[in-house]
Amino acid sequence: MVEEEGFRRYVAHFILWIGIAIVAFPVYIAIIASTQDNALIANGQMSLLPGGHFFETYYQTIFVGTSGSTREPVGNMMLNSLVMALAIAIGKIAISIISAYAIVYFRFPFRMPIFWIIFITLMLPVEVRIYPTYKIVADLHMLDSYAGLALPLIASATATLLFRQFFMTVPDELLEASRIDGAGPLRFFWDTLLPLSRTNMAALFVILFILGWNQYLWPLLITTRDDMQTIQVGIRKMITTTDALTEWPIVMATAVLAMLPPVFVVVAMQKLFVRGLVETEK
Amino acid sequence: MQKQAIFQSKLLPYALVAPQLAIVLIFFYWPALQAVIQSFLLQDAFGLSTTFVWFENYVELFRDPAYFEAIVRTFLFSFAIAVSSLSFALLLAVMADKPLRGSMLYRTLLIWPYAVAPPVVGVLWIFMLHPSLGVLSRYLRAVGIDWNPLLDGDQAAALIILAAAWKQISYNFLFFLAGLQAIPKSVFEAAAIDGARPMRRFWTVTFPLLSPTIFFLLVVNIVYAFFDTFGIIDTMTRGGPGTSTVTLVYKVYSDGLLGGNLGSSAAQSVILMVMVIVLTGIQFRFVERKVTY
């Protein structure tokens, strides 16, 4: 091991704490602001210490909503975001794992063209096909619905690639053994392959859940009804252009609530998250 | 590479790929094709008639100084976001890679901003740097800066870059840390025995060995700055003041939604698609090379 003199080690600790402070400061401010009085904040006199409105603000945010531009309670928005995030994460994993299974374990006409058709979608992010996709969802009468929120985002080339990669490393003997046991392709998939893929699926789920929870442009376009709004869209609508009307404590409480689920997932599942991240990028 | 052990079945594999294929064709290829077709069409103001105009939408676009400005602005933003976020993340990763007490805690405290959504990032930063009520604006004014990002375009741009770079630190940090930990420690020991001081060791040993990671992250960061900053821009400035924070993606959105100019918006989408294809291509070339290292 290369020697680390005491002084250098202190410098390292110091730099890391500065990094953490920079990373955490905006969130600290948000939490503080969510406990303070709106009038005080609007005057530009916000203090850097917690105020006394914690319960009041969060109660109003979750169950009542703002009195201005969007009257939807944030609790309902969070529910919409949760449904959307779960549908995207589970949907992506489900359709990717079965298509990867077909591509790896079967020989059939058009196998490679199908693989490439899926692969190329890596290059078509929702941002660049936004209006035509909107039109199709409208034609299918899926505006303002959970299906419309999730389905167009459910295809995943990266998840398919990841499972394909993983299936390639599964030894052939396993398949031969289960064939001797009289298992067909569906049995083998369900009893052998699926249990083996558990950690991959879990790692992917962490990444995809966050991806789904944090979607913004797509729900912004296809939801018009307030009760179908996701929290990311709702928070933007709370910031009115006329400053006087923005209820900043509620906006900040919403920001804190919007951060909680994904940040919790990242911190709690750190190992899986890092694994999933490094793998999906390959 | 092919599997030796496979199943024989005529219909099952098609049934298995069908859901993925259906979604991909309906929600990816069909709209992408529509965008390409639309980009060759000109629609009158009421959407009553359309004419096929070949490349007129594209020609118009490249004649439009506003589009040219958006291209330059997008590249400037991307460059500024990538460089600032990468250099800060590298500094933190190098520190966190040292055998320090509590390094796991440091890691946990540094990676979570990855999970914060772009519009929330926008809301946090606009609140802190709001001209009249922002906590940080007080200090800026105290040191004599006339801070008002809602009126000053350059300040608005700086604000977007700051917020976007902040969010990306954790992602870059993670990949740098993984890259650093993949370098065998014996390399450093050899350099130390040769008498190289820490700074020298970093520039002559660590940095070159880390260059594949740096290049990979550069591409990822550019893609991020192109697309994922939409939520930040939309919550913080909505493209304003004027057009000083309108990037290419924001322009596709605003021209199509607010301007109702579908032909032009579609042509812009197609140009963006070409850019993504090029960037993804570079990324894959690089990943393939890394495998053979």
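In this text the structure is predicted, and so the values were computed from the model without any measurement. (Residues numbered from 1 in each chain as written. Chains lettered and ligands numbered in written order. Predicted model: local features only at pLDDT ≥ 70, side-chain atom pairs only at ≥ 80, totals over all residues. Heavy atoms only, no water.)

A.B. asks: I'd like a description of the overall build of chain B, backed by residues and values.
C.D. replies: Secondary structure summary: chain B contains 12 helices and 2 strands in total. Taken from the N to the C terminus, the helices and strands of chain B come in the order α-β-β-α-α-α-α-α-α-α-α-α-α-α. Over its C-alpha trace chain B gives a radius of gyration of 24 Å, far above what one expects of a compact globule, namely 19 Å for 293 residues. Put simply, chain B has 293 residues, and 56% of those count as buried. (Helix = DSSP H or I, 4+ residues; strand = E, 2+ residues; numbered from the N terminus. Rg over C-alpha atoms; globule rule 2.2 N^0.38 Å. Buried < 20%, exposed > 50% of the residue type's maximum accessible area, 1.4 Å probe, protein only.)

A.B. asks: Can you lay out the overall build of chain A for me, pointing to particular residues and giving the numbers?
C.D. replies: Scanning chain A for helices and strands turns up 15 helices and 0 strands. In terms of C-alpha radius of gyration, chain A reaches 24 Å, well past the compact-globule figure of 19 Å for 282 residues. Taking the principal axes of the C-alpha coordinates as reference, chain A spans close to 75 × 65 × 35 Å. The buried share of chain A, reckoned over its 282 residues, is 56%. When contacts within chain A are restricted to residue pairs at least 6 apart in sequence, long-range pairs at least 24 apart make up 72% of them. Split by element, the accessible area of chain A, about 12,200 Å² in all, is 69% carbon and sulfur. Averaging the locations of the 18 positively and 20 negatively charged side chains of chain A gives two centres separated by 8 Å. (Contact = heavy atoms within 4.5 Å. Areas by Shrake-Rupley, 256 points an atom, 1.4 Å probe, with all protein chains shown as cover. Lys, Arg positive; Asp, Glu negative; His and termini not counted. Charge placed at Lys NZ, Arg CZ, Asp CG, Glu CD.)

A.B. asks: Give a description of the packing of aromatic side chains that names residues and reports values.
C.D. replies: Any two aromatic rings considered together are summarised by their centre-to-centre distance and by the angle between their planes. In this structure the tally under the stated criterion is 40 aromatic pairs over all chains. Taken together, a centroid distance of 5.4 Å and an interplanar angle of 75 degrees make the contact between Trp17(A) and Tyr106(B) edge-to-face. Taken together, the positions of Trp17(A) in helix α1 (residues 6-33) and Tyr106(B) in helix α4 (residues 103-111) put the pair across two chains. Between Phe188(A) and Phe7(B), the ring centres sit 5.7 Å apart and the planes meet at 55 degrees, which makes this aromatic pair tilted. Placement of the pair is Phe188(A) in helix α10 (residues 185-196) and Phe7(B) in the segment before α1 (12-38), with the two residues belonging to separate chains. Each member of the pair Phe188(A) and Phe7(B) is classed as buried. (Phe/Tyr/Trp six-rings, centres within 6.5 Å; stacked < 30°, edge-to-face > 60°.)

A.B. asks: Could you give an account of the interface of chain A and chain B, with specific residues and numbers?
C.D. replies: Many descriptions give the size of an interface as the accessible area lost when the pieces come together. Contacts between chain A and chain B engage 112 residues on the former and 101 residues on the latter. Here chain A and chain B share an interface that buries about 9,900 Å² over both sides, 76% of which is from carbon and sulfur atoms. The largest per-residue losses of area from chain A upon contact with chain B belong to Leu16(A), Val23(A) and Tyr131(A), which jointly make up 7% of the total buried on that side. One can count 1 salt bridge joining chain A with chain B. Of the charged contacts in the structure, one is a salt bridge between Asp234(B) and Arg236(A), with a shortest N-O distance of 2.9 Å. Run the count over chain A and chain B and you get 16 residue pairs in polar contact (both at pLDDT 80 or more). Class assignment of the residues belonging to the side of chain A that touches chain B gives a composition of 83 nonpolar, 15 polar and 14 charged. (Buried area = accessible area lost by both parts, 1.4 Å probe. Salt bridge = Lys/Arg side-chain N within 4 Å of Asp/Glu carboxyl O. Polar contact = N/O pair within 3.5 Å; in protein donor to acceptor, adjacent residues only side chain to side chain. Nonpolar A, V, L, I, M, F, W, Y, C, P; charged D, E, K, R; others polar.)

A.B. asks: Before we move on, could you go through the side chain of Thr254(A) and cite the residues and values that matter?
C.D. replies: Examined against the element boundaries, Thr254(A) turns out to sit in helix α14 (residues 248-268). In this structure, Thr254(A) is in contact with Thr61(A), Val74(A), Ile231(A), Ile235(A) and Met238(A), ignoring residues within four places of it in sequence.

A.B. asks: Please give an account of the UniProt feature "transmembrane region" (unreviewed entry) in chain A that cites residues and values.
C.D. replies: Residues and elements named next belong to chain A. Per the UniProt record, "transmembrane region" (unreviewed entry) is found at residues 12-33, 82-106, 113-134, 146-167 and 248-269. For the annotated span residues 82-106, helix accounts for 96% and strand for 0% of the residues, and the straight-line distance between the end C-alpha atoms is 36 Å. Annotated as 95% helix and 0% strand, the span residues 248-269 places its first and last C-alpha atoms 32 Å apart. (UniProt positions renumbered as here; feature names shortened; annotations may be inferred.)

A.B. asks: Describe in detail the UniProt feature "transmembrane region" (unreviewed entry) in chain B, supporting the description with residues and values.
C.D. replies: Sites flagged by UniProt as "transmembrane region" (unreviewed entry) map to residues 12-32, 75-96, 108-128, 156-180, 201-227 and 266-287 of chain B. In residues 108-128 of chain B, the share of helix is 71% and the share of strand is 0%. The end C-alpha atoms are 24 Å apart.

A.B. asks: Explain the pattern of salt bridges to me, and be specific about the residues and the numbers.
C.D. replies: Residues and elements named next belong to chain A. Under the criterion given, the structure shown has 7 salt bridges over all chains. For Lys-135, the salt bridge is made with Asp-139, and the minimal N-O distance between the two is 3.4 Å. Here Lys-135 pairs with Asp-139, and both are found in helix α6 (residues 130-139), just 4 residues apart, close to one helical turn. One salt bridge connects Arg-225 with Asp-227, and the closest N-O pair in it is separated by 3.1 Å.

A.B. asks: Describe the packing of helix α8 (residues 157-169) of chain A against helix α11 (residues 198-213) of chain A, listing the residues and the values that go with them.
C.D. replies: All names here are of chain A. At their nearest, the axes of α8 and α11 sit 11 Å apart, and the two run at 160 degrees to each other. Between α8 and α11, the interaxial angle falls into the category roughly antiparallel. The chirality of how α8 crosses α11 is right-handed. Taken together, the residues of α11 that come into contact with α8 (itself represented by Ala-159, Leu-162, Phe-163 and Phe-166) are Asn-200, Met-201 and Leu-204. Its residues placed into classes, the contact of α8 with α11 shows 6 nonpolar, 1 polar and no charged. (Axes fitted to C-alpha atoms, helices over the stretch in contact; angles between N-to-C directions. Parallel < 35°, antiparallel > 145°, perpendicular 65-115°, else oblique. Left-handed = near helix turned anticlockwise from the far one by under 90°.)

A.B. asks: Outline the confidence of the model for chain B, supporting the account with residue identities and numerical values.
C.D. replies: Atom-level detail of predicted coordinates should not be read off regions where pLDDT is low. A residue-level look at chain B finds 93% of positions with pLDDT of 70 or above and a mean pLDDT of 85. Both confidence scores are given for the complex: pTM 0.89, ipTM 0.89. (pLDDT = per-residue confidence, 0-100.)

A.B. asks: I'd like a description of α11(A), backed by residues and values.
C.D. replies: Residue and element names in this part refer to chain A. The end-to-end C-alpha separation of α11 is 22 Å, in line with the 22 Å expected for 16 residues at 1.5 Å each. Asn-200, Ala-203, Leu-204, Val-206, Ile-207, Leu-208, Phe-209, Ile-210, Gly-212 and Trp-213 are the residues of α11 that are buried. As for α11, its buried residues are in contact with α4 (74-105), α8, α13 (231-238), α14 and α15 (270-280). (Expected span 1.5 Å × (residues − 1).)

A.B. asks: Can you break down α15(A) residue by residue, with the values?
C.D. replies: Residues of α15(A) that are buried: Gln270(A), Phe273(A), Gly276(A), Leu277(A) and Thr280(A). Considered in projection along α15(A), the buried side chains sweep an arc of 135 degrees and stay on one side of the axis. Contacts from the buried residues of α15(A) go to α8, α11 and α14 of chain A together with α4 and α7 (153-182) of chain B. (Arc of directions from axis to C-beta.)

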